[in-house]
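A look at the structure
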Amino acid sequence: MAASVISEPCHNATEDVTDHADASVIASLRSVTKKFGQQIALDRLSLELRQGEVVALLGPNGAGKTTAVRLLLGLSEATSGEVSIFGGNPRDRASRLRLGAMLQVGRMPDTLRVREHLQLFSSYYDHPRPLEELQAVAGLEGLRERFFGTLSGGQKQRVLFALALCGDPDLICLDEPTLGMDVEARRAMWEQVRKLAAQGKTILLTTHYLEEADALASRIIVVQKGKVIAEGTSAELKAADQSRTIRCTTSLQPSFVSALPGVTSVEQEGNTMLVRTQAPEAVLRTMLERDPALSGLEVRAAALEDAFLALTNQTTAVTR
Amino acid sequence: MATTPVIYFNEARFELLKLSRNRSYLFSMIGFPVIFYLLFGVTNKNYVFHGHTIARYLLAGYSCFGAMGSSLFGIGAGLAFERGHGWLEMKRASPMPAAAYLLAKLSVSITFAVGIALLLMTLGTALAGVHITTFEGLRLLAVIALGVVPFASLGLIIGLVMPSNAAPGVINLIYLPLSFCGGLWMPIETLPHWLQVIAHGLPSFWFARLALRTLGYSDSSAILAWALLAGYTVLFLSAAAFIFRRQEARA
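Residues numbered from 1 in each chain as written. Chains lettered and ligands numbered in written order. Predicted model: local features only at pLDDT ≥ 70, side-chain atom pairs only at ≥ 80, totals over all residues. Heavy atoms only, no water.

What follows covers the side chain of Ser153(B). All names here are of chain B. Summarising the element assignment, Ser-153 is placed in helix 6 (residues 134–161). Taking the relative accessible area as the measure of exposure, Ser-153 reaches 4% and is therefore buried. Setting aside anything within four residues of it in sequence, one finds Ser-153 in contact with Thr-233, Phe-236 and Leu-237. (Helix = DSSP H or I, 4+ residues; strand = E, 2+ residues; numbered from the N terminus. Buried < 20%, exposed > 50% of the residue type's maximum accessible area, 1.4 Å probe, protein only. Contact = heavy atoms within 4.5 Å.)

Put into structure tokens, the structure is as follows:
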């Protein structure tokens, strides 16, 4: 119910964007459908990446994020529609020289040293970044002589990040880049992503960490069931979600509050009540009338998480 | 592209480095032929077969055995691992030419195959009094190097279809019977007649015939054997290409 209200204006915005093709677009999927047998992974999905942007592809598991990235990298062929990178085919060597990818890799050869992995990948490119620079950017100092098999999960992720940056690419695709990283390592990688964007690099990021999309992305594309359901800055997505969360201490019964018009969910934490509603003023008026002793009042605008949940219609709040 | 030869060289160099540090791989590949040769060839050094010690005859078969192992494990298990864990995707998204990846694996298989044959020659000469001329030795190494190709192609199929944890087991199920039935472990004449009939349909048998020929044991047609091995190569590569295209369409 909430999703349809919110997705309307955003959907129009998407169409506006695709209408005027501008020169700064460096990669695009145009009306791309991808079927695996009978299953539709992408359903006439369009997206554009402009130079210097950090775009986050956000969506629940199985929404088609990784499929979109794989098509953009030429690892998979679209059933219909058009994929373009730097005006060409992603499978051309010329395109790949300007492309860096960090994919979800379970394991890679354990018996090569970090330095050797970097040397090999660097040799694929005409103008690779110096190894010292790569190690500094990816935070691999002190790890260069270590065998890959001896690294921790977060350290392995950093090696994959370094491999994506080997060729000094103009477009960098990061598929769940901070998976398995601790908070410190995650922040360090965010810092590097921001630096890359400041250098004019374009970054496409898939993530299921909303905080990550919020912190990094200049534009967020929300994908669900293979379709773009919303697109905009983090602020725009939050603004599009008209709901508010009311937090207060009250003696009112949750069953009474949840029956009020415009209330989406009610949660009780001890004696604190959390009410999500599309009509905060009317709900508050009733609640204050019924419970003059109501205290600790706080009204909060939607966080990106709320907007995301409203969009994908996956309300986790328990209604009692 | 000026950098392309460098890519091919580096890919092969690091493939060699990677495998030469992998103990379980080394054990399967070098351990099997060396231990079997010591057990069945070197310890029977007083057993005379076709006018020489049996260790000289078995040098050909166990060299073929080593070559098959290095290509089936190196390519089959290696590809299954790298494909199964997503590492191949990273490489395919890079500007690395696909041929560099495959040729690296093939050249490393050949390197190991030749290395194993040299090791067996040394063991045979030192421990069992095997005598072969330099010319015979060089011809045997040439046969071993070229004979890797059909088994490398078979390894490609295994690497494409098998999950990474199942690949080594499946390879053993192919590798060991193919070696035994092809007459690589003991003279084919000592096998039951029906097995000898089956052997004539196996690439391992024709590979061993060519190797034995270089040491003067077989006078069967080299052209026929090479033609059959080439046929197997074409067959395996076509099957691999078919499987790869079908996987691509589904990827």
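A few words now on the sheet that holds strand 12 (residues 272–277) of chain A. Residue and element names in this part refer to chain A. If you walk across this open sheet you meet the four strands as 11-12-10-13, and the pairing is antiparallel. Each of the sheet's edge strands pairs with one partner strand only, and the pair in question is strand 11 (263–269) and strand 13 (295–301). In this sheet, neighbouring strand axes are inclined to one another by 15 degrees on average, regardless of whether the strands run parallel or antiparallel. Of the pairings in the sheet, the one linking strand 10 (residues 244–249) to strand 12 comprises six bridges and is antiparallel in character. Of the residues in strand 12, the one forming a bridge with Cys-248 is Met-273. Where helix 11 (residues 280–290) meets the sheet, its contacts fall on strand 10, strand 11, strand 12 and strand 13, and the angle it forms with strand 10 comes to roughly 15 degrees. (Pairing = 2+ DSSP bridges. Axes fitted to C-alpha atoms, helices over the stretch in contact; angles between N-to-C directions.)

Moving on: the layout of surface pockets. Taken as a whole, the largest pocket encloses approximately 860 Å³ of empty space. Contributing to the lining of the largest pocket are 32 residues, with Leu88(B), Glu89(B), Arg92(B), Phe244(B) and Glu248(B) lying nearest its centre. Among the elements of the structure, helix 2 (65–72) and helix 3 (93–96) of chain A together with helix 3 (54–84), helix 4 (87–93), helix 5 (98–128), helix 6 and helix 10 (222–250) of chain B are those that each provide at least two residues to the lining of the largest pocket. If one sorts the elements of the lining of the largest pocket by residue count, helix 10 of chain B sits on top with six residues. Here the residues of the lining of the largest pocket sort into 16 nonpolar, six polar and ten charged. One number sums up the size of the second largest pocket: a volume of about 490 Å³. Considering the residues around the second largest pocket, the lining is formed by 19 residues, among which Asn22(B), Ser24(B), Tyr25(B), Ala77(B) and Phe81(B) are closest to the centre. Broken down by secondary-structure element, the contributors of at least two residues to the lining of the second largest pocket are helix 1 (4–20), helix 2 (23–42) and helix 3 of chain B. Take the lining of the second largest pocket: its biggest share by element is six residues, from helix 3 of chain B. Of the residues belonging to the lining of the second largest pocket, the class tally is seven nonpolar, eight polar and four charged. (1 Å grid on protein atoms, 1.4 Å probe; cavity = no way out; pocket = protein on both sides within 12 Å on 5 of 7 lines; lining within 4 Å. Points joined across faces, edges and corners; volume = space filled by probe spheres on them. Nonpolar A, V, L, I, M, F, W, Y, C, P; charged D, E, K, R; others polar.)

Let's shift gears to the packing of aromatic side chains. On inspection of all chains with the given rule, the structure shows 20 aromatic pairs over all chains. With 5.0 Å between their ring centres and 55 degrees between their planes, Phe121(A) and Tyr124(A) make a pair best called tilted. According to the relative accessible area criterion, Phe121(A) is buried, its value standing at 3%. Taken together, the ring pairs connect Phe27(B), Phe32(B), Phe36(B), Tyr37(B), Phe40(B), Tyr62(B), Phe65(B), Phe73(B), Tyr175(B), Phe180(B) and Trp185(B) into an aromatic cluster. Seen from the ring of Phe86(A), Arg98(A) lies directly overhead, with NZ or CZ sitting 3.9 Å from the centre. The ring of Tyr209(A) has Arg186(A) lying over it, and the distance from NZ or CZ to the ring centre is 4.0 Å. (Phe/Tyr/Trp six-rings, centres within 6.5 Å; stacked < 30°, edge-to-face > 60°. Lys NZ or Arg CZ within 6 Å of the ring centre and 35° of its normal.)

What follows concerns empty space enclosed by the protein. Under the definition given, this model contains four cavities of 30 Å³ or more. In this structure, the largest cavity spans a volume of roughly 80 Å³. Lining the largest cavity are 13 residues; nearest its centre among them are Leu112(A), Leu120(A), Glu15(B), Lys18(B) and Lys91(B). Every element with two or more residues in the lining of the largest cavity is listed here: helix 4 (114–122) of chain A together with helix 1, helix 4 and helix 5 of chain B. Broken down by element, the lining of the largest cavity gets its largest block of residues, four residues, from helix 1 of chain B. Of the residues assigned to the lining of the largest cavity, the class counts are six nonpolar, one polar and six charged. In this model, the second largest cavity occupies a volume close to 40 Å³. Leu99(A), Gly100(A), Ala101(A), Phe121(A), Tyr125(A), Leu163(A), Ala164(A), Met90(B), Ala93(B) and Ser94(B) together form the lining of the second largest cavity. At the level of secondary structure, the elements contributing two or more residues to the lining of the second largest cavity comprise strand 5 (99–102) and helix 6 (153–165) of chain A together with helix 4 of chain B. Looking at which element gives the most residues to the lining of the second largest cavity, the answer is strand 5 of chain A, with three residues. Looking at the lining of the second largest cavity, its residues break down into eight nonpolar, two polar and no charged.

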